[in-house]
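Architecture and fold: a report
Read off the chains here:
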Amino acid sequence: MSHITKIRTELKDGEVLGKTLLKLGYHVKEGGVVSGGYSGARQHVDILAAITEQTIGFKRSGVDNDPYEIIADWNGNRKKQEKLVNDIFQTYSQEKVVKAARLRGYSIIRNHTNQNGQIEIILRKVA
């Protein structure tokens, strides 16, 4: 039986979250509704992301600077949920580091994920 699940996160930067989802291949739009389960439950979200048959939403848990919750109907597929959430967290972290580095005057020389799944970022700052 499927149903809508909420996952608490520490993702706070909507701009970085949007870039993250685009980088992962999602079609992203502001606002929308996630529905699921046999009851057809509906949940309004701030950010809606869709890829193939999977639609996930992101909603602030309160005021503007509160973290987003991930809202989706995973159809009982725990492994798919874990992989997707891990991919989002890893890519979000990578994008957040790049944004912070640029704000501090660094140039990004190299930014990729190696064969072991580790992120490698090389920065340069010229005085």
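Throughout what follows, the structure given in this document is the object of discussion. (Residues numbered from 1 in each chain as written. Predicted model: local features only at pLDDT ≥ 70, side-chain atom pairs only at ≥ 80, totals over all residues. Heavy atoms only, no water.)

Scanning the chain from terminus to terminus reveals two helices and seven strands. Each helix and strand of the chain, placed in order from N terminus to C terminus, yields the pattern β-α-β-β-β-β-α-β-β. Judged by the C-alpha coordinates and their principal axes, the chain covers about 60 × 35 × 20 Å. Across the 127 residues in the chain, those meeting the buried criterion constitute 34%. (Helix = DSSP H or I, 4+ residues; strand = E, 2+ residues; numbered from the N terminus. Buried < 20%, exposed > 50% of the residue type's maximum accessible area, 1.4 Å probe, protein only.)

Before going further, it helps to spend a moment on the sheet that holds strand S1 (residues 4-8). With antiparallel pairing, the five strands of this open sheet are ordered in space as S1-S5-S4-S3-S2. Among the strands making up the open sheet, the edge pair consists of S1 and strand S2 (27-36). Across this sheet, the average inter-strand angle for adjacent strands is 40°, counted without regard to direction. As defined by bridge partners, strand S3 (residues 41-51) adjoins strand S4 (residues 54-60) across five bridges and the pair is classed as antiparallel. The partner of isoleucine 47 across the bridge, within S4, is phenylalanine 58. Those strands touched by helix H2 (residues 78-103) are S1, S4 and strand S5 (68-73), and its axis lies near 55° from that of S4. (Pairing = 2+ DSSP bridges. Axes fitted to C-alpha atoms, helices over the stretch in contact; angles between N-to-C directions. Contact = heavy atoms within 4.5 Å.)

The geometry of an aromatic ring pair is captured by the separation of the ring centres together with the interplanar angle, meaning the angle of the planes. Taken as a whole and judged by the stated rule, the model has zero aromatic pairs. For the cation-ring pair, lysine 125 lies above tyrosine 106, with the distance from its terminal atom to the ring centre recorded as 5.3 Å. (Phe/Tyr/Trp six-rings, centres within 6.5 Å; stacked < 30°, edge-to-face > 60°. Lys NZ or Arg CZ within 6 Å of the ring centre and 35° of its normal.)

Right, let's get into the environment of tyrosine 26. For tyrosine 26, the position within the fold is in the loop between helix H1 (14-23) and S2. Here the alpha-carbon distance between tyrosine 26 and isoleucine 71, two residues 45 residues apart in the chain, equals 15 Å. Apart from the residues lying within four places of it in its own chain, the contact partners of tyrosine 26 are Leu21, Ala49, Ala50, Ile51, Gln54, Ile56 and Leu84.

Attention now moves to the pattern of salt bridges. For the structure on display, the rule yields six salt bridges. Lysine 96 serves as the salt-bridge partner of aspartate 13, at 2.9 Å between the closest nitrogen and oxygen. Placement of the pair is aspartate 13 in the loop between S1 and H1 and lysine 96 in helix H2, with a sequence separation of 83 residues. Residue class for aspartate 13 comes out buried when judged on its relative accessible area of 12%. Under the relative-accessibility criterion, lysine 96 is labelled partly exposed at 35%. Ionic pairing is found between aspartate 13 and lysine 99, a salt bridge with its closest N-O pair at 2.7 Å. Separated by 86 residues along the polypeptide, aspartate 13 in the loop between S1 and H1 and lysine 99 in helix H2 bring together distant segments of the chain. Using a relative accessible area of 27% as the deciding quantity, one classes lysine 99 as partly exposed. The network of salt bridges with common partners includes Asp13, Glu15, Lys19, Lys96 and Lys99. (Salt bridge = Lys/Arg side-chain N within 4 Å of Asp/Glu carboxyl O.)

A few words on the side chain of asparagine 114. Structurally, asparagine 114 is set in the loop between strand S6 (107-113) and strand S7 (119-124). Its relative accessible area of 17% is what places asparagine 114 among the buried residues. A polar atom in the side chain of asparagine 114 sits 2.9 Å from the backbone nitrogen of asparagine 116. At 3.1 Å, the side chain of asparagine 114 forms a polar contact with the side chain of glutamate 120. (Polar contact = N/O pair within 3.5 Å; in protein donor to acceptor, adjacent residues only side chain to side chain.)

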